[in-house]
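For reference, the chains in residue letters:
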Amino acid sequence: MPATVVLGAQWGDEGKGRVVDWMTQQADVVARYAGGDNAGHTVIYGEQELSLHLVPSGILYPEKLCLMGGGMVVNPESLLAEIDELEEQGIDVSPRHLKLGETAHLIFACHRALDGAQEQGRGAQAIGTTRRGIGPTYTDKAARVGIRAGAMRDLDAFAEAVRALLHSKNRWLTQIYGQAPVDVEANVAAYCAYAERLAPYLDNVALRINQALEAGQQVLCEGAQGTLLDIDHGTYPYVTSSNPTVGGALTGLGFGPRYVQRVVGVTKAYTTRVGRGPFPTKLENAVGQRIRDVGHEYGTTTGRARDCGWLDAVALRYAVQINGFTHLALTKLDVLSGLEHLKVAVAYDYRGTRMAHFPPDASVLADCASQYERFPGWAEDIRAIRARRDLPQAAQDYLAWLEDFVGVPVMLIGVGPEREEAIIEAPDWRAW
Ligand code: GDP
Ligand code: IMO
Ligand code: MG
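Reading guide: rules and limits
- Residues numbered from 1 in each chain as written.
- Chains lettered and ligands numbered in written order.
- Predicted model: local features only at pLDDT ≥ 70, side-chain atom pairs only at ≥ 80, totals over all residues.
- Heavy atoms only, no water.
- Near = heavy atom within 4 Å.
- Polar contact = N/O pair within 3.5 Å; in protein donor to acceptor, adjacent residues only side chain to side chain.
- Areas by Shrake-Rupley, 256 points an atom, 1.4 Å probe, with all protein chains shown as cover.
- Nonpolar A, V, L, I, M, F, W, Y, C, P; charged D, E, K, R; others polar.
- Domains from an automatic or database assignment.
- Contact = heavy atoms within 4.5 Å.
- Buried area = accessible area lost by both parts, 1.4 Å probe.
- Salt bridge = Lys/Arg side-chain N within 4 Å of Asp/Glu carboxyl O.
- Axes fitted to C-alpha atoms, helices over the stretch in contact; angles between N-to-C directions.
- Helix = DSSP H or I, 4+ residues; strand = E, 2+ residues; numbered from the N terminus.
- Parallel < 35°, antiparallel > 145°, perpendicular 65-115°, else oblique.
- Phe/Tyr/Trp six-rings, centres within 6.5 Å; stacked < 30°, edge-to-face > 60°.
- Lys NZ or Arg CZ within 6 Å of the ring centre and 35° of its normal.
- Donors = N, O, S within 2.8 Å, 3.2 Å for Na, K, Ca; no water.
- Buried < 20%, exposed > 50% of the residue type's maximum accessible area, 1.4 Å probe, protein only.

Chemist: Help me understand the site of ligand 2 in this model?
Modeler: The immediate surroundings of ligand 2 are formed by 21 residues, with Asp-13, Lys-16, His-41, Thr-130 and Thr-240 found nearest. Between ligand 2 and the protein, one listed contact pairs an oxygen atom with a side-chain N or O atom of Arg-304 at 2.9 Å. Contact with the protein chains covers 98% of the free accessible surface of ligand 2, which is 550 Å². Each residue belonging to the shell around ligand 2 can be placed in one class, and the counts come to eight nonpolar, 10 polar and three charged.

Below, the structure written as structure tokens:
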């Protein structure tokens, strides 16, 4: 009956995909619970490198059920493109293996156009969204005018609903934002064709999850984005429009908290952020550039260069508090090899006052300067290391200090992007 939630502890791109891929070995069901194709989750196994946007990161295992939950927003065109791409790589993405929750909301061309128009309208205050239509689609969900995936079952009614939605959004696009309208009939035809292909994937995901949990199966819940991008707990307004935090797993999939046995927070050994918003440990110098180069810190979804900086232990402790992490997975430790020293933020200086807690107000955070603890670095390449005791002493000390500071054990340490390039405390995570 246990559920395990795996989610980002920072501003996204922590390495959730690779952690979920590894953990899927001992799971029965893998379920994405929030977000849409703003996400880009990388899974590398042997010759195969997958960039997953909507499909859960357990897809490489043909015998495990992959679910896309009702908390997601799904662009049918993107989903079909992803399915086609995976099929070309010989991966089973048939409706037997992959299911789409009927209560997930659909993203249409008008939502993408509105996302772009709104960003343009914000000018210097732009959020730096992925322009995938995420915000406008969650807006429609909250306004109770969205179209859900289950509507694709009845093509005539679906066509009518899509037509009405596009007409209504075109008024916004043209009259409020001065943009070109989307072509209504061309889109209706296209979305009906997508609906025909996607209808076999539709499923009652909440029911399926509850049946799996009651049958004693291991359910792995895969988050997208990260805690600091959460609409409620993140650096609002520089956030996404969903709840990547632990509560989002329960509402996005539809099961109760008594099933949650583990909450695994994924964090990098440093910090990155793509898009705008405050980032107290950001490095705008050669060290930041080095981390970007060595860590290949360019977005999986948009290709944008990610800002890089030191680990922020104040923010990590906040993520522990919001999500109740039971374990941490720390990725990209290898990227720090060769740095003379490392720094970690342990408090902030806010207008002359020491602040030990992460402020919920982004304008306060924007005024915070990091107070750092300094650690010696290590020169060795650590990619081949598979036991913690074999790491350079400085790396072991860095990890031990962090565990003590945030009060959560690190169970998986990434020392390279490949599935096996990790130091794992107990090879069967069910024993964690
Ligand atoms: P996600 O969105 O959280 O799934 O993360 P992304 O896939 O967007 O970004 C993480 C990037 O780091 C990917 O390119 C991974 O292949 C890579 N990666 C993950 N873990 C490690 C690690 O331990 N070391 C290195 N060098 N790269 C890693
Ligand atoms: P994964 O799952 C990193 C960021 C965008 C922008 C803000 C809002 O790969 O970790 P949106 O398009 O969601 O309205 O953009 O959120 N963002 C991400 N940053 N990783 C992601 O996903 C992200 N998804 C959204 O850059 O700052
Ligand atoms: Mg990503």
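Chemist: Help me understand the domain arrangement of the chain, please; the structure alone is not making it clear to me.
Modeler: Interfaces are frequently sized by the accessible area removed from exposure as the parts join. Each domain of the chain was delimited in the assignment, giving domain 1 (3–101 + 203–262), domain 2 (105–198) and domain 3 (266–431). The C-alpha-based centres of domain 2 and domain 3 are spaced at 37 Å. Contacts between the two partners involve eight residues from domain 2, matched on the other side by five residues from domain 3. When residues of domain 2 are sorted by the area they lose upon contact with domain 3, Gly-128, Thr-130 and Arg-132 head the list and together hold 58% of the total. The tally of links from domain 2 across to domain 3 stands at zero salt bridges. Across the side of domain 2 that touches domain 3, the residue classes break down as three nonpolar, four polar and one charged.

Chemist: I would appreciate a short explanation of the packing of helix H3 (residues 109–122) against helix H4 (residues 134–142) in the present structure.
Modeler: Angle between the axes and distance between the axes are the two parameters that describe a pair of packed helices. Close contact between H3 and H4 brings their axes to 7 Å; oriented N to C, the two are set at 115°. The orientation of H3 with respect to H4, classified from their angle, is roughly perpendicular. Within the contact between the two elements, H3 uses His-111, Leu-114, Asp-115 and Gln-118 and H4 uses Ile-134, Pro-136, Thr-137 and Asp-140. Here the contact of H3 with H4 is built from residues that sort into three nonpolar, three polar and two charged.

Chemist: For this particular structure, what's the right way to read the packing of aromatic side chains?
Modeler: What characterises a pair of aromatic rings is the spacing of the ring centres plus the angle enclosed by the ring planes. Tallied over the full model, the rule gives 11 aromatic pairs. Three or more aromatic residues link up through ring pairs in this structure, and these residues are Phe-375, Trp-378, Tyr-398, Trp-401 and Phe-405. The ring of Tyr-259 has Arg-258 sitting right over it, with the charged end atom 4.7 Å from the ring centre.

Chemist: So what exactly am I meant to see when it comes to the coordination of the magnesium ion (ligand 3) here?
Modeler: A four-donor tetrahedral metal ideally has 109.5 degree angles, and a six-donor octahedral metal ideally has angles of 90 or 180 degrees. On the protein side, the magnesium ion (ligand 3) has Asp-13 (OD) and Gly-40 (O) as donor atoms, found 2.0 to 2.2 Å from it. Of the two residues, Asp-13 is situated in the loop between strand E1 (3–8) and helix H1 (16–23) and Gly-40 in the loop between strand E2 (29–32) and strand E3 (41–45); the sequence distance between them amounts to 27 residues. A relative accessible area of 22% places Asp-13 in the partly exposed class. Overall, the relative accessible area of 11% leaves Gly-40 in the buried class.

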